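# Structural characterization, general
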Amino acid sequence: MKWWLLGAVLGCLSCSKPAPELPQLRLDSLPAAVAAEVKQAYETARVQPRDAAATGRLGMILHALEQYGAAGACYRRAGDLDAKAFSWPYYEAVVLAQQGDSAAAVEAIARALRADPDYRPAQRRMAQLLFDLGRLDESEQWYRKGVDAHSWYGLGRVQAARGDMAAAVVSLRKACEVFPSFGAAHYALAMALRKQNQAEEAERHLALSKRYQQAAPPSDDPLLAEVSRLNRTAANYVRDAVDLEAQGKLAEAVELHLRAIQSDPKFEQAHINLISLYGRLGRPDRAEEHYRAAVALNPNRAECYYNYGVLQFGQNRPKEARAAFERALGLDPRHAEAHHNLGYLLEMEGRPAEAMGHYRKALDSKPDYRLARFHLGGLLLNQRQYPEAIAHLEQTVSPEDENTPGYWYALGVAYGRSGDRVRAAEWMGKARQGALTRGQTQLASSIEKDLALLARAGTGR
């Protein structure tokens, strides 16, 4: 070989950067089955050191287990082994953002977008990262590429950060229209409306933000969904099951809870949740089975006894339900739902003073507990304590949902009994229209009868 050629080869070799080493594993806190899967993925990556997919899969498993530093090392190695791949730099950006390194995450996601410029979740993530870094103009450019609720919400936040509240209101309203239960968007819209001096609409959206506090549009990110599916810990199964339950998919939620128990038989939360799920599915025998299992694992969980109380109430066993709610309150004296349900049982037994005490305690723990406020208002109304009854019932009139016409009706009745026929007619009329709009014909008929009585009383007939 000629000396000049040998020098070129050696120079090239010295310039090539070796791929990062595989990370050290932390397996001591993992269930045995999960730890075994991680070990197998690690061994595959070790014996195939030039296989980007093997190293990347190990990163995905570690990512799913929230071991972000180790996952990032795997993704960087996989990206070096396959520089044309989109997924590895995208995943690397996600874990870097989880670790709070937004600047490095932007650089990684830029590499990903060069490989696939059209992946919408990556575009949204880039917009969010740029917003976090205060690069508002660039962030806006990326948010404007989408028309989904996340993009409208992000655009509204950019506009609000600039002080352009009129534009922010338009964008945030659009986010709420696209996904009506988007809690964060309702809150951001309420704040923007306040700055526009639109107080009434702001309060309505603030109430909706409280109601939908935990709700957000699905991320619709197939790549991250692949990561999530690799987390086979009991806690992750239960998290996914809770999401399914919120969507009304009760049978699917049960299946995931059973997988959680299979993964970790001592994971008590899965048993506690199954008490409620099987009760709602009309399977009290299975609910009872999981109640016994939960108590055996931990006899000191208030939620376990609360769920069992609801099960017993549904089986028309008020005595057993009351005992369960009392046991829950013995463990957690501030359990708002247990106070409310015990209050309702006491009200059914004709013990209004004790019932009111529990309703008040429920509201002390959870001031926006609408049903507790409604029942307390009803008892106060029956005792002719009209000003306080009205004060509580007025706090039930929003947000608007299927139950709202009933709350409006109750407030109208309260005003009527207090002698304020004008406001009584106003709220009853609103309740009647709301009931008709929602197809609640029986409620609408009852309201019409009371409106007729109110009209006759007003004419002295």
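In this report, the structure presented in the accompanying data block is examined. (Residues numbered from 1 in each chain as written. Predicted model: local features only at pLDDT ≥ 70, side-chain atom pairs only at ≥ 80, totals over all residues. Heavy atoms only, no water.)

### Quick word on the overall build of the chain
We apply this condition: Only runs of H or I of at least four residues qualify as helices and only runs of E of at least two qualify as strands under DSSP, and these elements are numbered from the N terminus. Throughout, radius of gyration means the C-alpha value; the globule benchmark is 2.2 Å times the number of residues raised to the power 0.38. Throughout, a residue-residue contact means that at least one pair of heavy atoms, one from each residue, lies within 4.5 Å. Areas reported as accessible are Shrake-Rupley estimates using a 1.4 Å probe. Residue values count occlusion only from the protein chains shown. The charge count includes Lys and Arg as positive and Asp and Glu as negative, but it does not include His or the ends of the chains. Charged side chains are reduced to one point each, which is NZ for Lys, CZ for Arg, CG for Asp and CD for Glu.
The helix and strand inventory of the chain stands at 26 helices and zero strands. Computed over C-alpha atoms, the radius of gyration of the chain comes to 29 Å, more than 25% over the 23 Å expected from 2.2 N^0.38 for 461 residues, which places it beyond the range of a compact globule. If you take every contact in the chain between residues at least 6 apart in sequence, the share linking residues at least 24 apart comes to 51%. Approximately 24,000 Å² of the chain is accessible, and the part contributed by carbon and sulfur atoms is 51%. Charge-centre separation for the chain: the mean point of 59 positive side chains lies 1 Å from the mean point of 55 negative side chains.

### What to know about the packing of helix α3 (residues 52-64) against helix α5 (residues 87-98)
So the rule is basically this: Axis lines are fitted through C-alpha atoms, for helices just across the contact stretch, and the angle between N-to-C directions can take any value from 0 to 180 degrees. Geometric relationships in this document are graded by angle, where less than 35 degrees denotes roughly parallel, more than 145 denotes roughly antiparallel, 65 to 115 denotes roughly perpendicular, and other angles denote oblique. By definition, turning the near helix anticlockwise from the far helix through less than a right angle yields a left-handed crossing, and turning it clockwise yields a right-handed one. Amino acids outside the nonpolar list (Ala, Val, Leu, Ile, Met, Phe, Trp, Tyr, Cys, Pro) and the charged list (Asp, Glu, Lys, Arg) are all regarded as polar, and Gly is one of them.
Relative orientation of the contacting elements α3 and α5 amounts to 25°, with a least axis distance of 11 Å. Here α5 runs roughly parallel to α3, going by the angle between their axes. Two packed elements cross with a definite hand, and for α3 against α5 that hand is left-handed. Contacts between α3 and α5 involve A52, A53, G56, R57, M60 and H63 on the former and, on the latter, W88, Y91, V94 and V95. For the contact of α3 with α5, a count of residues per class yields seven nonpolar, two polar and one charged.

### Considerations on the packing of helix α19 (residues 318-331) against helix α20 (residues 336-348)
Direction vectors running N to C along α19 and α20 enclose 145°, while the axes themselves pass 9 Å from each other. When you trace α19 past α20, the crossing you get is left-handed. Between α19 and α20, the contacting residues are P318, A321, R322, F325, E326, A328 and L329 on the first element and A338, H339, N341, L342, L345 and L346 on the second.

### Structural notes on the side chain of T55
In this structure, T55 sits in helix α3. The residues contacting T55, other than those within four sequence positions of it, are L22, A45, C74, R77, A78 and L81.

### A short note on a nonpolar patch on the surface
Let me state the cut-off plainly: Candidate patch residues must exceed 30% relative accessible area and have no salt bridge, after which like charges are joined if within 9 Å and Val, Leu, Ile, Met, Phe, Trp or Tyr side chains if within 5 Å. Every case where a carboxyl oxygen of Asp or Glu lies within 4 Å of a side-chain nitrogen of Lys or Arg is listed as a salt bridge. Only protein chains enter the calculation, and the probe is 1.4 Å; a residue is then buried if its accessible area is under 20% of its type maximum, exposed if over 50%, and partly exposed in between.
Among the surface-exposed residues, F313, Y344 and M348 lie close enough to one another that they form a single nonpolar patch of about 290 Å² accessible area. Note on placement: F313 falls in helix α18 (residues 302-314). Using a relative accessible area of 37% as the deciding quantity, one classes F313 as partly exposed.

### Some details on the pattern of salt bridges
Any two side chains of opposite charge can pair, given that their charged atoms come close. Per the counting criterion, the structure on display carries 32 salt bridges. With a shortest N-O distance of 2.7 Å, E245 and R280 are connected by a salt bridge. In this pair, E245 sits in helix α14 (residues 234-246) while R280 sits in helix α16 (residues 268-280), placing the two residues 35 residues apart along the sequence. Under the relative-accessibility criterion, E245 is labelled partly exposed at 21%.

### A short note on unusual backbone geometry
The linkage connecting S398 with the following residue, P399, adopts the cis geometry, with an omega of 0°. Examined against the element boundaries, P399 turns out to sit in the loop between α23 (386-393) and α24 (404-418). Here the phi dihedral of D220 falls at roughly 50°; this positive angle occurs in a residue that is not glycine. For D220, the position within the fold is in the loop between α12 (199-211) and α13 (222-229). A residue is classified by how much of its surface remains accessible, and D220, at 63% relative accessible area, is exposed.

### A look at the side chain of H340
Cut-off, in case you're wondering: Any N or O atom pair separated by 3.5 Å or less is treated as a polar contact, with the protein-specific requirement of one donor-capable and one acceptor-capable atom, and with residues adjacent in sequence counted only for side-chain atom pairs.
Along the chain, H340 turns up in helix α20. A polar contact is formed between the side chain of H340 and the side chain of H375, at a distance of 2.9 Å. Those residues in contact with H340, other than ones at most four positions away along the chain, are Y359, A362, Y369, L371, A372 and H375.

By themselves these figures say nothing about function.
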